[in-house]
Amino acid sequence: MDTTITTYTRIRRQGILSNDQLFYEHNGEAATFAGDAYKHLQLSYPKFHKMDLLCKAGLLATETALKDHASFQSLDMSRVAIVLANRASSLETDRQHQRSISDKSNYFPSPAVFVYTLPNIVIGEIAIKYKITGENAFFVCEHFDAALLHDYAETLLKSEHTDAVLAGWTDVDQGLTDTLIYLVERSTDSNKNTNFKPHSFETINQLYTL
Amino acid sequence: MIFASSYHNIISPLGLNSHENYEAVHSGTSPIKQHLFSFSADPFCVAHIDDSLIARATSCVKHAEKHTRLELLSLLSIQDVLQQSGINAGDKDLGLIYTTTKGNIDLLEGDHPGIDPNRVYLPVFANYLKQQLGLVNIPLVVSNACISGLLGIIMAQRFIEQKRCRHVIVCGGDILSEFTLSGFKSFNALSPEPCKPFDANRTGINLGEAVSSILITADETLAGHEKTQLVRGASANDANHISGPSRTGDGLLQAIQQTLVAGETLPGFISAHGTATPYNDEMESIAFERAGLTTMPVNSLKGYYGHTLGAAGVLETVISLMALHRQTFIKSAGYESKGVSGQIQLIDKTSPGTISSFLKTASGFGGCNGAALFMKA
């Protein structure tokens, strides 16, 4: 079975690179990156503003990757899987929740923060936005692991229940975001043209080093 | 064929191995009670592992103080499975999947002399376990909310099928911490009394702490004396709400439908997620009814353990495997009268039965759901 990466977005050093095009470059402070990128994308999705940075980064990357990818709309969303990984889990938001309970004289744990203290919430946010209901997996790894992402996506695509896998890495730690989101589909005559990339360990590593 | 072996372990308030745990569950013991933590003036109703039990566990561990609570319990749990199965920790065909929601989250606060604070990072924590155990392969951490443990077992099957390794120990663990207790309290999700899954008077969850491990293998000689086939499993997302279950049970239904194949014999019972929150249990009952499982005995084990988060899927699978081989339906503790609208049959008494398979399900924050089928081999 041939499989192809049909669209991708890389977010790194405050730049958004999508399908070999620099889509957005942020010149302001790191803290305003997600909000400014949202405006640049002309997104209208009020839930975005409630999200933590991990979810915002995952959603911005997914939106950029999918918005001009016409064939995505023709997929059966119950047969699309989401497989993500990172290093810091949800620690950025964990620290925020911890600060809210550390001082008993200034104690304010909030459900709106606590709900983001799980890394797979970014899968949930992407699933809600695009109505994707297939398989889920969130791995936490020491380093970007192209082999793991590749092999797990291949396993799912070989099963009878999955037609496409939205996969990648989205890490937020100490205010820095490091995100790669891509879509893997079974190869067809139309998606095998030169714009698309074979789904391989090497391609995934190449995209990550962009 | 992939086996869920009979080499497993549970460390919980009910004991230090799976047999102690099963005996306690079988006799209807629940350790859930009010516990006063140093960080709060008010007690929490939880399943807390007593210091005396921890002391019994650590009596044979050198330098126990250099491990965190979760590391210590995890090392003991995994070592028990290695010892029972006879697999060498250094076996290159052995993988470890660690499933957790929060890992060493207690390291975020306060001083921990002699413990590297970077072990709050899950991969650093997992690598520490690898070094302590002498494993060859880098452990894989799965953090997928409350389905983590069950998803880890489903992944173990997939990794063995793709020949990534031949044997996988799946270990799930989470401890009680101010971090999780304060968070679930802010959600108003905590029950002030022992939880009552699926009951008309349920008022929420109790948190619990546990570590549980099981060997999943393709090698029949390592399946143990109680052989069980891990038939298949699946996950699915509700795509509905990040902290509330779907009203329709769509995601759980999809996971069940991909796990139960038309024409196969229906499972003998369902080990449900059953957290005892009003919405979760209602959603599960609707999904089970829509899946046509209206006459199947159902239990939740949360009444014995509370919600053990990343450990729950492993722990509840282990108890269910033991119940399967002992031909026993385990009572859904805390259940008195039906409080869900879906047509399902709760197990109201621990009793003998004829059982050849069971379905394990789980659901969690982020809209995730999982299901897996286990069959006597």
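Because the structure is predicted, anything quoted here is derived from the model rather than measured.

J.: How should the nonpolar core be read in this particular structure?
T.: Nonpolar side chains in soluble globular proteins tend to end up buried together. Formed by 121 residues in total, the largest nonpolar core has its most connected members in A:F139 and B:I216. Composition of this core by domain shows at least three residues from each of domain 1 (3-222) and domain 2 (229-376) of chain B. Ignoring any residue separated from it by four or fewer positions in sequence, one finds B:I216 in contact with B:I2, B:F3, B:A4, B:I153, B:A156, B:I160, B:R166, B:H167, B:V168, B:V170 and B:L230. B:L82, B:L133, B:I169 and B:I175 belong to the second-largest nonpolar core, a separate cluster that totals 31 residues.

J.: Can you help me understand helix α2 (residues 53-66) of chain A in this one?
T.: Counting along an α-helix, one turn takes 3.6 residues, and residues three or four places apart therefore face a common direction. Counted at 1.5 Å a residue, the expected span for α2(A) with its 14 residues is 20 Å, and the 20 Å between its end C-alpha atoms agrees. Summarising burial for α2(A): 13 of the 14 residues are buried, a large majority.

J.: Sorry if this is basic, but what is going on with the interface of chain B and chain A here?
T.: Put simply, an interface is often sized by how much accessible area is lost when its parts join up. Taken residue by residue, the interface counts 47 residues in chain B and 52 residues in chain A. When chain B packs against chain A, close to 4,000 Å² is buried across both sides, 58% of that on carbon and sulfur atoms. It is B:Y121, B:F179 and B:I242 that lose the most area in chain B upon contact with chain A, and together they represent 16% of the buried surface on that side. Linking chain B to chain A there are 4 salt bridges. Among the ionic pairs, A:D151 bridges to B:R164, the shortest N-O distance being 3.4 Å. Taken together, the connections running from chain B to chain A amount to 27 residue pairs in polar contact (both at pLDDT 80 or more). Contributions of two or more residues to the side of chain B that touches chain A are made by α4 (122-133), β5 (140-142), α5 (148-161), α6 (178-186), β8 (228-237) and α7 (250-259) of chain B. When residues in the side of chain B that touches chain A are grouped by element, the largest group, 7 residues, is from α6(B). In the side of chain B that touches chain A, the residues fall into 24 nonpolar, 17 polar and 6 charged. Direction of pairing for strand β5 (residues 136-140) of chain A relative to β5(B): antiparallel, over a ladder of 2 bridges. Bridge pairing in β5(B) links A:F139 to B:V142.

Thresholds, definitions, all that
- Counting of residues starts from 1 at the beginning of each chain's written sequence and follows it residue by residue.
- For naming, the first written chain is A and the first written ligand is 1, with later ones following in the order written.
- Predicted model: local features are reported for residues with pLDDT of at least 70 only, side-chain atom pairs are reported and counted for 80 or more only, and whole-chain, interface and lining totals are derived from all residues.
- Side-chain metrics rest on all non-hydrogen atoms present in the structure, leaving aside hydrogens and water.
- The set of buried Ala, Val, Leu, Ile, Met, Phe, Trp, Tyr and Cys residues whose side-chain atoms join them within 4.5 Å is what this entry labels a nonpolar core.
- Residue exposure (1.4 Å probe, protein chains only): buried if accessible area is under 20% of the type maximum, exposed if over 50%, otherwise partly exposed.
- Each domain span listed reflects an automatic or database assignment of domains.
- We call two residues in contact when some of their heavy atoms are within 4.5 Å.
- Secondary structure elements are taken from DSSP: a helix is a run of H or I of four residues or more, a strand is a run of E of two residues or more, and numbering for both begins at the N terminus.
- How far a helix is expected to stretch is found by multiplying one less than its residue total by 1.5 Å.
- Buried area counts how much accessible surface, traced with a 1.4 Å probe, disappears from two parts once they are put together, with both parts' losses summed.
- A side-chain nitrogen of Lys or Arg and a carboxyl oxygen of Asp or Glu constitute a salt bridge if their distance falls within 4 Å.
- For this analysis, a polar contact is any N or O atom pair within 3.5 Å, provided that within protein one partner can donate a hydrogen and the other can accept it, and provided that sequence-adjacent residues contribute only side-chain to side-chain pairs.
- Polar here means any residue other than Ala, Val, Leu, Ile, Met, Phe, Trp, Tyr, Cys and Pro, which are nonpolar, and Asp, Glu, Lys and Arg, which are charged; Gly is therefore polar.
- DSSP bridges decide pairing: two strands pair if at least two such bridges lie between them.

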